[in-house]
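So you can see what is in the structure, the chains are spelled out below.
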Amino acid sequence: MTSTPPPPNPYAIPGMPHLPSPPPLDIAPPLAPLSPSRHTNSTFSNPNLALDPNRSVLPSSPARSSPTRPHRRVRLSLGRQPHPLANDTTDVFQDSEADADADDESEYEWGMVDRMRLWRHDALMQHLYETAAFWGDKVLSWTNDANDAFWLAQTYFMMHQYSRAERLLIRPFPTHPPKRAPSHSSGNGNTKGKSREQDAQQDLTLAMPRLPTGPAGMINVPEDMQDQVSRLVDMSVACRYLAAQCLVRQGNWAEATEMLGESNPFRDSGRSGPTIPNSDGGIKVESSMCHLRGILMLKLNRGDQAKQCFMEALALDVKCYDAFDQLITGEMMTPEEEWEFVQSLAYSSQTPQDAQFVQLIYTSRLRKYGHVAEHAMTRTKLVEDFGWVIILTILGLVSIHNLTMPLHIACMYHLDHLHSKLFLLAHEMVDREPENPISWYAVGVWYLSRGKWTQARQYFSKTSLMDPRFGPAWVAFGHTFALEGEHDHAVTAYSTCARMFTSSHLPLMFVGMEHIMLSNFPLADEALNAAHTMCDGDPLLINERGVMAFNHGDFKRASALFKEALDLAGVTQSSQKSWATTFINLGTCYRKLGLLEEARVTYRKVLELDPRHSIALGFLGMVYHLLNKVDEAIVKYHESLSIDPINQHVLDLLNIALEQTAIAGADSEFQQALDTLKDKYQRAGYYKGKDYERSGHDDMSVG
């Protein structure tokens, strides 16, 4: 009776990744850096080898047959469907001899090891990690195969047992599975039933070499076996990448850097570069290693090197979104650098069928300070060419969306009537995702809206500790000092943020604004000019530079800068009401330049946006005052004081206007009385024109 394979699974389970294996390598010292120079030329000439940096860990399945029984091609029939994991795919570790043997047979019978591999994979898909580790350990104990060790290490990694996974990956394993001993079959050459399976299991147990174990469980490799064994990290790029991930999770930055290398070891190998496509359509392991190297550089506070690593990772494979997200979300590049770099990526050579879509979707994520027409065209193409619907109610579909929440929280902070909803949102986020830094950021913003600066700083600090690359928390931390009036501390906080986000102009702009408050105009000029070199399209930055020109007495240049800021604000399609202060600044420049009519029009524009703007009412009263329209000026002064009764400047202007009115009124009454007397004297004959003659009488008779 022949053995029956497992029944076909009606559910499509995605295959787990595999990498091919290299030729035999000498065992290397622990944590030896991966370098192409250590391997033979055949390693890079064959794209199916495990040390090829252009491969991914995508196209294979962990359901590999035992080392003594290579994977066979399954014969399809109507009555016997293959299991989805029993596809003829490439293993993580393979050798050409096994493939040659595999072609000799057209049918493959499942054994006990194959079934346990299936259990291991199915447990991983169902997140039963203890089950996967249990059966994976049994498979490895039976086969001592490097491929099974790789997948057991993957299981340990998913269980957060990083030290255990790392130790398995740096343990030596045989570089070649032993060839199966010739079977002694019957005369007809067929071995059926359990006898065939038992023979295979006996061959597997006897043929696989065992490495002796020394004290503390360490592997002692005899001299006669040195050429036949190697560590997993030296046999496969994927294994080295996984080992580095384990070291990063353990906080061993130096060891992880040594495992990956200070720079990309494949860079000058001849088989690496942006124009070389991925050999299997997935994501290059080399790109993933560059991304992980960038994460390490951030942990070591080496921001410039981290930026270069992320740029290299994205250039090597445009599908590595993690590298793109680190560059864009972390604002590691200036807006112009972002645009030039993203547009110059090798989309057509890496993703020829999806090049335009990937480029458009990345372009839509860039900052919108410049290239306005290009961004509008990008949105149009995404909607028309690809049917990409821009969702306006994202939070109605997803309760917590990390890319949307900072903007949503900021809007709720600026709208007073939404502060109660911000309180409820912060509580909901903390209840649902307490490990998400944005949840505690929302709590800090709510305390900021209540004016509780100390509590807000505590939660912003907690957010920064949970995610040091979350820029809004660092900026908001500085805002707490600025709003409290602690401008020196605010400068320190913003400066720290500027050192962490070197390509963002916002921290430097806020530093300049604080120096303006402290009247440190030279330092303010330095900070604002540095921010302007990074970004010349931020209307708020242009407004602050106009303020500095006003402080220096250059009213003409200040007015030009304020008009430029308002033009940019119109391009960004922001609310004009939020730029009322810039309109006031522009009107003040016109008033200083003697352009009173232009100043009057500008101030009235502010009142159209906000009829209860007390400062605009006061300045409009000044314009009327300068135009000698004192009565209208008094009306505007009173309107301003009805909104802000303790504005001493407006009170002083009102007193001056009232005094002028009183004096003008007294002069008018005196002139009127004098004219009456002149008229009476003329009728009496005592006054004639400019000269007058007195009568002979000393007393004047009025009556």
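Anyway, here's the lowdown on the structure attached to this text.

Rules behind the numbers
- Residues numbered from 1 in each chain as written.
- Predicted model: local features only at pLDDT ≥ 70, side-chain atom pairs only at ≥ 80, totals over all residues.
- Heavy atoms only, no water.
- Axes fitted to C-alpha atoms, helices over the stretch in contact; angles between N-to-C directions.
- Helix = DSSP H or I, 4+ residues; strand = E, 2+ residues; numbered from the N terminus.
- Left-handed = near helix turned anticlockwise from the far one by under 90°.
- Contact = heavy atoms within 4.5 Å.
- Nonpolar A, V, L, I, M, F, W, Y, C, P; charged D, E, K, R; others polar.
- Expected span 1.5 Å × (residues − 1).
- Buried < 20%, exposed > 50% of the residue type's maximum accessible area, 1.4 Å probe, protein only.
- Polar contact = N/O pair within 3.5 Å; in protein donor to acceptor, adjacent residues only side chain to side chain.

## Quick look at the packing of helix H6 (residues 162-169) against helix H9 (residues 237-249)
Move 1: Relative to each other, H6 and H9 sit at 150°, their axes nearing to 9 Å. The handedness of the crossing between H6 and H9 comes out as left-handed. Residues Tyr162, Ala165, Glu166 and Leu169 of H6 touch H9, and the partners they reach there are Cys239, Leu242, Ala243, Cys246, Leu247 and Arg249.
Move 2: Looking at the contact of H6 with H9, its residues break down into eight nonpolar, no polar and two charged.

## Focus on H9
Move 1: An ideal rise of 1.5 Å per residue puts 18 Å on 13 residues; H9 measures up with 18 Å between its terminal C-alpha atoms.
Move 2: H9 sits mainly inside the fold: 11 of its 13 residues count as buried.
Move 3: Within the span of H9, buried status applies to Val237, Ala238, Cys239, Arg240, Leu242, Ala243, Ala244, Gln245, Cys246, Leu247 and Val248.
Move 4: Close packing links the buried residues of H9 with helix H5 (146-158), H6, strand E2 (229-231), helix H8 (232-235), helix H10 (253-260) and helix H11 (285-299).
Move 5: Measuring from the side-chain oxygen of the N-cap residue of H9 to the backbone nitrogen of alanine 238 gives 3.2 Å; that N-cap residue is serine 236.
Move 6: A positive phi of about 80° marks glycine 251, the residue just after H9.

## Some remarks on unusual backbone geometry
Move 1: A positive phi angle, close to 65°, is found at histidine 160, a residue other than glycine.
Move 2: Structurally, histidine 160 is set in the loop between H5 and H6.
Move 3: With phi around 50°, glutamate 331 is a residue other than glycine that occupies positive phi space.
Move 4: Exposure remark for glutamate 331: the relative accessible area of 21% places this residue in the partly exposed category.

## Quick word on H5
Every α-helix carries 3.6 residues per turn, so stepping three or four residues along brings you back to the same face.
Move 1: Compared with the 18 Å implied by 1.5 Å per residue over 13 residues, the 19 Å span of H5 between its first and last C-alpha is a close match.
Move 2: With respect to burial, H5 is a largely interior element, 12 of its 13 residues being buried.
Move 3: Residues of H5 that are buried include every one of Ala146, Asn147, Asp148, Ala149, Phe150, Trp151, Leu152, Ala153, Gln154, Thr155, Tyr156 and Phe157, and no others.
Move 4: The inward-facing, buried residues of H5 abut helix H3 (112-125), helix H4 (129-143), H6, strand E1 (172-174), H8 and H9.
Move 5: Residue histidine 160 follows H5 closely and has a positive phi angle near 65°.

Without other data, these values stay purely geometric and don't point to any function.
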